[in-house]
Amino acid sequence: MGWFSFLGKKTASPKRRTRPLTDLSAGDTIFLTEASPLPGKWIIDKAHRFVDIERQTVAFWQFEVTDGEQRRFVEVHLPHAQTTTGRAVASFPLDPTEYGEVEALELDPEEPPAQLTWRGRDYRLVAARNLRFYRNTGEHPRDMLHLEYADEDGRQTLTFEFWSRHGTPVTSEGICLEPEEIE
């Protein structure tokens, strides 16, 4: 064999290693199909944990993802008593200019409504829990009240994060990703 014997030979393309979403961390890549709300290749920049204070278990992970230009969020929720499978949610925090609309809902964290309407869509309360937020590497845990609402089919979500008893909640709209939307 000569020096150039490797020319013209096809080498096997490297296989993409896949792991469960719950095993991902900063630097990993998530591929979402064109049919998903966040199509394309997303690099995990930060991976946060939200721990249920009462149960002392992870309620969900939140990945801050970027495609080089945009920053978005993907949450990975574990199964709970009502469901048999976990779910991933593409989350879109509302712009600060929209906080006025959130305040107009007059959402009381002490007695959240069982149902509400937001942008013409009806939602029902599916989870209200006290969570502890751990940043990317576990530093600076912060406590919060997390309210999650879902529409009738469970595909659209609306969440409120109360970081204190006073002030405006951080509010996000979300779309639950179907398993076939994640490559």
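The structure we're discussing is the one just above.
Rules of the game
Residues numbered from 1 in each chain as written. Predicted model: local features only at pLDDT ≥ 70, side-chain atom pairs only at ≥ 80, totals over all residues. Heavy atoms only, no water. Phe/Tyr/Trp six-rings, centres within 6.5 Å; stacked < 30°, edge-to-face > 60°. Helix = DSSP H or I, 4+ residues; strand = E, 2+ residues; numbered from the N terminus. Buried < 20%, exposed > 50% of the residue type's maximum accessible area, 1.4 Å probe, protein only.

Student: Whenever I open this one, the packing of aromatic side chains confuses me. Can you help?
Tutor: Aromatic rings considered in pairs are described by the distance between their centres and by the relative angle of their planes. As enumerated under the stated definition, the model contains four aromatic pairs in all. On the basis of an interplanar angle of 50° and a centroid distance of 5.0 Å, the ring pair of Phe 50 and Phe 133 is categorised as tilted. In this pair, Phe 50 sits in strand E2 (residues 40-52) while Phe 133 sits in strand E7 (residues 121-134), placing the two residues 83 residues apart along the sequence. Side by side, Phe 50 and Phe 133 carry an identical accessibility label, which is buried. Taking the centre distance of 5.5 Å and the plane angle of 85° together, the rings of Phe 133 and Trp 163 count as edge-to-face. Separated by 30 residues along the polypeptide, Phe 133 in strand E7 and Trp 163 in the loop between strand E9 (156-162) and strand E10 (170-177) bring together distant segments of the chain.

Student: It is not clear to me how unusual backbone geometry should be interpreted in this structure. Could you clarify?
Tutor: Across the chain, the bulk of peptide bonds are trans and the bulk of non-glycine residues have phi less than zero. Within the chain, Gln 56 stands out as a residue other than glycine whose phi angle is a positive 55°. Checked against the element boundaries, Gln 56 lands in the loop between E2 and strand E3 (57-66). In this structure, Arg 119 takes a positive phi of about 50° despite not being glycine. Following the sequence through the fold, Arg 119 ends up in the loop between strand E6 (115-118) and E7. Given the relative accessible area of 45%, Arg 119 is considered partly exposed.

The values reported here are purely geometric and, on their own, carry no functional implication.
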